[in-house]
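If you want the building blocks of each chain, they are given just below.
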Amino acid sequence: MLEYTLLALLIVIVWFWIDSISKRELAIQFGKNLSKQFDLQFLDETVACEKITLKRNEEGQVAILRCYEFMVSSSTNDRIKCNLFLLGKHLHNWHIPPYINTVS
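First, a word on what this report is: a plain description of the structure on this page. These numbers come from a predicted model, not from an experiment.

### Overview of the nonpolar core
- Core analysis: the largest hydrophobic core is formed by 14 residues, its most contacted members being Val47, Phe70, Val72 and Leu84.
- Elements with a contribution of two residues or more to this core: helix 1 (2-37), strand 1 (41-56), strand 2 (62-73) and strand 3 (80-87).
- In terms of residues, this core owes the most to one element, strand 3, which gives four residues.
- Sequence-distant contacts of Leu84, defined by excluding residues within four places in its chain, comprise Ala27, Phe30, Gly31, Leu34, Arg66, Cys67, Tyr68, Phe70, Leu91, Asn93 and Trp94.

Structure follows, in structure tokens:
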């Protein structure tokens, strides 16, 4: 019985790890799209998962809510810390703080 429990735990850990990698790639795509929409340079190596919680989606089902932090730049000298929230595989919310657009 202990072997089955350990095997099930190992399967859940591997699934969560693979799922987290795919969600990070999805967060990179959403971050690039948001950056392009606001005329910002996306710094893709800065994407990191900051927080993982459970939340109900619109259908009332429990899903994993991941908060990703990433950096963008409005010029070559600055870095702006931004956030996006994935609920399952959907963009739930995002935050880009106000910035001064130096490009005319």
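### A look at the environment of Phe30
- In this structure, Phe30 sits in helix 1.
- Expressed as a C-alpha distance, the spacing of Phe30 and Phe85, which sit 55 residues apart in the sequence, is 9.8 Å.
- Those residues in contact with Phe30, other than ones at most four positions away along the chain, are Leu84, Leu86, Lys89 and Leu91.

### A closer look at the pattern of salt bridges
- Scanning the entire structure with this criterion turns up three salt bridges.
- Between Lys81 and Glu69 there is a salt bridge, with its nearest N and O atoms 3.2 Å apart. Highlighted residues: Lys81 in strand 3 and Glu69 in strand 2, separated in sequence by twelve residues.
- Relative accessible area serves as the criterion here: at 46%, Lys81 is assigned to the partly exposed category.
- Three or more residues are tied together by salt bridges with common partners; here these are Asp19, Lys23 and Arg66.

### What to know about the packing of aromatic side chains
- In total, this model carries three aromatic pairs according to the counting rule given.
- A centroid spacing of 6.5 Å and a plane angle of 50° characterise the contact between Trp15 and Phe16, whose relative ring orientation is tilted.
- According to the relative accessible area criterion, Trp15 is partly exposed, its value standing at 49%.
- Judged by its relative accessible area of 31%, Phe16 is partly exposed.
- Where Phe38 meets Trp94, the ring centres are 5.4 Å apart and the plane angle is 55°; that geometry is what we call tilted. In this pair, Phe38 sits in the loop between helix 1 and strand 1 while Trp94 sits in strand 4 (residues 90-95), placing the two residues 56 residues apart along the sequence.
- Judged by relative accessible area, which is 27%, Phe38 ranks as partly exposed.
- By relative accessible area, which is 34% here, Trp94 ends up partly exposed.

About the cut-offs
- Residues numbered from 1 in each chain as written.
- Predicted model: local features only at pLDDT ≥ 70, side-chain atom pairs only at ≥ 80, totals over all residues.
- Heavy atoms only, no water.
- Core = buried A, V, L, I, M, F, W, Y, C linked by side-chain atoms within 4.5 Å.
- Buried < 20%, exposed > 50% of the residue type's maximum accessible area, 1.4 Å probe, protein only.
- Helix = DSSP H or I, 4+ residues; strand = E, 2+ residues; numbered from the N terminus.
- Contact = heavy atoms within 4.5 Å.
- Salt bridge = Lys/Arg side-chain N within 4 Å of Asp/Glu carboxyl O.
- Phe/Tyr/Trp six-rings, centres within 6.5 Å; stacked < 30°, edge-to-face > 60°.

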